[in-house]
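Residues per chain are reported as follows:
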Amino acid sequence: DLWDTPLTTQSSSECCERCAQLASCIALTLTPDGFCWLKRKIVSRRSHRGLVSAIKSGASVVASIAAREASGKLEAISEPETVLATKPLAAASVTEVGSSLARAVAPLARRASTDERGLSEYKRLQNGSYIQPAVTAISSTSLALGSKIRTVNQSVTCSRDPAIGCMPSPAVVVMSHARADMLRRSLNLVCTQQLVSRFTVYVSEDSGDAAIGNTAREFGCVAEVLMYRHQRPLGTFESSGLFQISNHFKGALEAVLTTRGHSHAIMIEDDLLLSPDLLLFFWSVAWLLQKDPTLWCASAWNDQGFPHFSSNTSRIKRTDYFPGLGWMVTADTWRELRDLWPRRATTGWDHWMRLSSVARGRECVHPEINRSRHANPRGTNVKDNSPFERFSFERGG
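Residues numbered from 1 in each chain as written. Predicted model: local features only at pLDDT ≥ 70, side-chain atom pairs only at ≥ 80, totals over all residues. Heavy atoms only, no water.

A. Fine view of helix α1 (residues 12-20). In terms of residue burial, α1 counts as a mostly covered element, since seven of its nine residues are buried. Taken as a whole, α1 has its buried residues at S12, S13, C15, C16, R18, C19 and A20. (Buried < 20%, exposed > 50% of the residue type's maximum accessible area, 1.4 Å probe, protein only. Helix = DSSP H or I, 4+ residues; strand = E, 2+ residues; numbered from the N terminus.)

B. Region of the structure containing the pattern of salt bridges. Enumeration over the complete set of coordinates arrives at 16 salt bridges. One salt bridge in this structure joins D332 and R335, with 2.0 Å as the shortest N-O distance. Of this pair, D332 and R335 both sit in helix α9 (residues 331-337), three residues apart, roughly one helical turn. R335 shares its class with D332; the two are exposed. Close ionic contact of R362 with E336 constitutes a salt bridge, the shortest N to O distance being 2.6 Å. Taken together, the residues span a long stretch of sequence, with R362 in the loop between α11 (356-359) and β13 (363-367) and E336 in helix α9 at a distance of 26 residues. Three or more residues are tied together by salt bridges with common partners; here these are R179, D270 and D271. (Salt bridge = Lys/Arg side-chain N within 4 Å of Asp/Glu carboxyl O.)

C. Representation of the side chain of T319. By secondary structure assignment, the location of T319 is in strand β11 (residues 316-319). Judged by relative accessible area, which is 18%, T319 ranks as buried. Separated by 3.1 Å, the side chain of T319 and the backbone nitrogen of Y321 make a polar contact. (Polar contact = N/O pair within 3.5 Å; in protein donor to acceptor, adjacent residues only side chain to side chain.)

D. Geometry of the pairing of strand β1 (residues 27-30). The side-chain alternation of β1 yields two buried faces, one formed by A27 and T29 and the other by L28 and L30. In terms of strand pairing, β1 meets strand β2 (residues 36-39) through four bridges, oriented antiparallel. Each bridged residue has a counterpart across the sheet, and for T29 the counterpart in β2 is W37. Sheet analysis places β1 next to strand β3 (residues 52-55), joined by four bridges and oriented antiparallel. Bridge pairing in β3 links A27 to I55. (Pairing = 2+ DSSP bridges.)

Given below as structure tokens:
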């Protein structure tokens, strides 16, 4: 991406003209929400649902891309400095986008400027505050515009553009024990999430109760039921819920991030209420975990998320206290934690995650308004759910 945030303009032709004015812009991507992302490098040409992209015509650009593709040495994207974006406008139709791109080709050769001038103009043209674009999944579309524009459905390894994302192979793991009713409620919420088709959904159970597997198979979004079996307990603590829950979490994380090779794991206990945009939240903040070494997790829960403190549905914050209650880590973070995971987490695995020796000064990102909330009085650690009901909770998404 040329900049950290997208252009939102009055028309698709204006978006194309912005690329035309910048020598450093060699391509652009239009999202279903009408956001225009200017590109300075082409990283891959894989099909990606919902994106329509175009490469600027020009012998030098085409030759450069072709040479990099032939050598297999496609360059990685480095993040530029943050700039402003304005309020989103409705997405242009495919026909309008096509004609606009064609009209924009003529001035490409004679309208060029440096990155600095382009950035200055960008800031001058835009007025408003940063917004978090929503993502709508639609079929991939490619425009045929003759010899002037070559089109490509573009996907990159990691972008802060939420229509592209930074999660090449994310997994959702619903942790369940022996509560088929809770699992059914949870999967009803997971399987109707925005963007759920971009995630592989697992149910991990450790009870051996056939009802859990049968309930999971009622839902088409569930790819696999993971069955974790505990070893014979050696003592009283090994028979406790704290011990077994800790081992179950470790087994599930190992199964999806190590054995099955997913890039990210979102861990959800089956007794949580989930906002409709929970997966959209994780999808939208994943790039922060990639870019910022002082972050090591994302969570849907805000321990300070009381209604009188929380009002902004788009604001995200940081905390040095591991929140849990619907959280995400990357495979890289799990490789760090897996060999350190406690064999006897006497106060719980989540308390261990909050130790300074584990977090090592890093923080978790979370929404101001909670996207999850505990909603069951029958938990190992929760006997009264009423305190959780005092917290904010986003129901609309």
